[in-house]
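Letter by letter, the chains look like this.
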Amino acid sequence: MKVLVVNGPNLNLLGSRQTEIYGKKSLADIIRSLRKAFPKVDFHFFQTNSEGEIIDQIHTAVDGDYAGIIINPGAYSHYSYAIRDALSAVSVPVIEVHLSNIHKREEFRQKSVISPACTGVVSGFGETSYVLAVQALMEAVQKK
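The rules we used
- Residues numbered from 1 in each chain as written.
- Predicted model: local features only at pLDDT ≥ 70, side-chain atom pairs only at ≥ 80, totals over all residues.
- Heavy atoms only, no water.
- Pairing = 2+ DSSP bridges.
- Helix = DSSP H or I, 4+ residues; strand = E, 2+ residues; numbered from the N terminus.
- Axes fitted to C-alpha atoms, helices over the stretch in contact; angles between N-to-C directions.
- Expected span 1.5 Å × (residues − 1).
- Buried < 20%, exposed > 50% of the residue type's maximum accessible area, 1.4 Å probe, protein only.
- Arc of directions from axis to C-beta.
- Contact = heavy atoms within 4.5 Å.
- Phe/Tyr/Trp six-rings, centres within 6.5 Å; stacked < 30°, edge-to-face > 60°.
- Lys NZ or Arg CZ within 6 Å of the ring centre and 35° of its normal.
- Parallel < 35°, antiparallel > 145°, perpendicular 65-115°, else oblique.
- Nonpolar A, V, L, I, M, F, W, Y, C, P; charged D, E, K, R; others polar.
- Salt bridge = Lys/Arg side-chain N within 4 Å of Asp/Glu carboxyl O.

**Digging into the sheet that holds strand 1 (residues 2-7)**
Sheet architecture is open: 5 strands sit in the order 2-1-3-4-5, paired in parallel fashion. Only two strands of the sheet have a single partner each, and these edge strands are strand 2 (42-47) and strand 5 (120-123). Pairwise comparison of adjacent strand axes, ignoring direction, gives a mean angle of 20 degrees for this sheet.

**What about helix 5 (residues 128-143)?**
Under the 1.5 Å per step criterion, the end-to-end length of helix 5 is 23 Å for 16 residues, consistent within 8% with the ideal 22 Å. When helix 5 is considered as a whole, its buried residues turn out to be S129, Y130, A133, V134, L137 and A140. Viewed end-on, helix 5 has its buried residues packed into an arc of 135 degrees, placing them on one side of the element. In helix 5, the exposed positions that point more than 90 degrees away from the buried face belong to Q142 and K143. Buried residues along helix 5 sit in contact with strand 1, helix 2 (27-37), strand 2, strand 3 (68-72), strand 4 (94-98) and strand 5.

**So, the packing of aromatic side chains**
According to the stated counting rule, one finds 2 aromatic pairs in the structure shown. Both rings, one in Y76 and one in Y79, keep their centres 5.7 Å apart while their planes meet at 65 degrees; by these two values the pair is edge-to-face. One residue, K2, lies across the ring of Y66, its end atom 5.1 Å from the ring centre.

**Remarks on the packing of helix 3 (residues 51-59) against helix 4 (residues 81-88)**
Packing of helix 3 against helix 4 brings their axes to within 9 Å, and their N-to-C directions diverge by 5 degrees. In terms of orientation, helix 3 lies roughly parallel with respect to helix 4. Along its contact with helix 3, which presents E51, I54, I55, I58 and H59, the element helix 4 presents A82, I83, A86 and L87. Counted by class, the contact of helix 3 with helix 4 contains 7 nonpolar, 1 polar and 1 charged residues.

**A look at the pattern of salt bridges**
According to the stated counting rule, one finds 2 salt bridges in the structure shown. Taking the shortest distance from any N to any O, the salt bridge between E127 and K25 comes out at 4.0 Å. Here K25 lies in the loop between helix 1 (19-22) and helix 2 and E127 lies in the loop between strand 5 and helix 5, a separation of 102 residues in the sequence. Given a relative accessible area of 41%, K25 falls into the partly exposed group. Across the pair R32 and D29 runs a salt bridge, and its minimum N-O distance is 2.5 Å. Here R32 and its partner D29 are both found in helix 2, 3 residues apart, which amounts to about one turn of the helix. With a relative accessible area of 24%, D29 lands in the partly exposed category.

**Notes on the environment of G120**
You can see G120 is positioned in strand 5. Among the residues examined, G120 registers a relative accessible area of 23% and is labelled partly exposed. In this structure the C-alpha to C-alpha distance between G120 and S50, which are 70 residues apart in sequence, comes to 23 Å. What G120 contacts, discounting residues up to four positions off in sequence, is V94, I95 and E96.

In structure tokens, the structure reads:
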């Protein structure tokens, strides 16, 4: 199974940025953990601070190159209708993932405009959020 994992703005700073919220694991640590936990999954990991590049990556899934998408849109979760529209254009399952529990944070972070375009959302479990997202995606792909 080939899975696209898209990480948005500031996630390249994981492990050093607001560790009390996002934890001490770097994005590279999370990638290593996922590859170890799911050796049969062919992951394509992508991180950018640019909204347009996220949309371009999502568009690569339109042609059926991926069984599904896991996306941590970062702050774009709260206002990017362009990413939401791109996700709505793909026919594969999409899991939105967040390290922190966005519902326990500032009011503006508690609403995701991305979520309605996703199969499901995993939030609040730190690095384990990604593991749970892969498990949920695998189940969603099997049901499809």
